[in-house]
Amino acid sequence: MCLLYLHNFYTVIKCQSLVTYCICVASISSAINCALHDYLILQKDLSNVSGLYDIVISEVEKTLITKILKTARYNKNKTSKVLGISRNTLNAKIDALGISVPKIAN
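The structure reproduced in this document is the subject of the present report. No experiment lies behind these values; they were computed from the predicted model shown.

**A few points about the overall build of the chain**
Then, in step 1: Helix and strand counts for the chain stand at five helices and zero strands.
Then, in step 2: The order of α-helices and β-strands along the chain, N terminus first, is α-α-α-α-α.
Then, in step 3: Here the chain, with 106 residues, has 25% of them falling under the buried criterion.
Then, in step 4: When contacts within the chain are restricted to residue pairs at least 6 apart in sequence, long-range pairs at least 24 apart make up 55% of them.

Right, here's the structure in full:
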């Protein structure tokens, strides 16, 4: 169930990101569904929407990796273990997604 009373918040930020805000919901799937629902409401006309799959995957992946990195205090070994990917894959994704990692991190 989407929390439509936050619709005006989206308007203020002009939907620069599908995952700009967080709402505690029962599942990640529900949060993504809600964000997509509100994003599509703001579009009004799907003729202006293109490449949505790649946009969503990129934004979710970048947000996920960034959040886990910060939570693990930028420890890449811990982060890769939590994500279930190798450290090499994590490093490749960090580079590809342009995620900033402090120099003091491993």
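**Some points on unusual backbone geometry**
Then, in step 1: Within the chain, K44 stands out as a residue other than glycine whose phi angle is a positive 60 degrees.
Then, in step 2: Inspection of the secondary structure assignment puts K44 in the loop between α2 (28-43) and α3 (52-71).
Then, in step 3: K44 sits in the exposed class, given a relative accessible area of 77%.
Then, in step 4: Located in the positive-phi region is Y74, a residue other than glycine, with phi close to 65 degrees.
Then, in step 5: By the secondary structure assignment, Y74 is in the loop between α3 and α4 (76-83).

**Things to note about the packing of α4 against helix α5 (residues 87-97)**
Then, in step 1: Interhelical geometry of α4 versus α5 gives an angle of 100 degrees and a closest axis separation of 9 Å. Between α4 and α5, the angle falls in the class roughly perpendicular. Where α4 abuts α5, its residues K76, N77, T79, S80 and L83 lie against R87, L90, N91 and I94.
Then, in step 2: Classifying every residue of the contact of α4 with α5 by side-chain character gives three nonpolar, four polar and two charged.

**Looking at the nonpolar core**
Then, in step 1: Listed in full, the six residues of the largest apolar core are I65, L69, L90, I94, L97 and I99.
Then, in step 2: At the level of elements, α3 and α5 are the ones that each hand at least two residues to this core.
Then, in step 3: The greatest single-element share of this core, amounting to three residues, is contributed by α5.
Then, in step 4: Leaving out residues up to four positions away in the same chain, I94 has contacts with I65, L69, K76, I99 and V101.

**Regarding the pattern of salt bridges**
Then, in step 1: Counting across every chain of the model gives one salt bridge.
Then, in step 2: A salt bridge links E61 to K93; the nearest nitrogen and oxygen atoms lie 2.6 Å apart. Remark: K93 occurs in helix α5 and E61 occurs in helix α3; sequence separation between them is 32 residues.
Then, in step 3: For E61, a relative accessible area of 22% translates into the label partly exposed.
Then, in step 4: Looking at K93, the relative accessible area reads 27%, which means it is partly exposed.

The rules behind these values
- Residues numbered from 1 in each chain as written.
- Predicted model: local features only at pLDDT ≥ 70, side-chain atom pairs only at ≥ 80, totals over all residues.
- Heavy atoms only, no water.
- Helix = DSSP H or I, 4+ residues; strand = E, 2+ residues; numbered from the N terminus.
- Buried < 20%, exposed > 50% of the residue type's maximum accessible area, 1.4 Å probe, protein only.
- Contact = heavy atoms within 4.5 Å.
- Axes fitted to C-alpha atoms, helices over the stretch in contact; angles between N-to-C directions.
- Parallel < 35°, antiparallel > 145°, perpendicular 65-115°, else oblique.
- Nonpolar A, V, L, I, M, F, W, Y, C, P; charged D, E, K, R; others polar.
- Core = buried A, V, L, I, M, F, W, Y, C linked by side-chain atoms within 4.5 Å.
- Salt bridge = Lys/Arg side-chain N within 4 Å of Asp/Glu carboxyl O.

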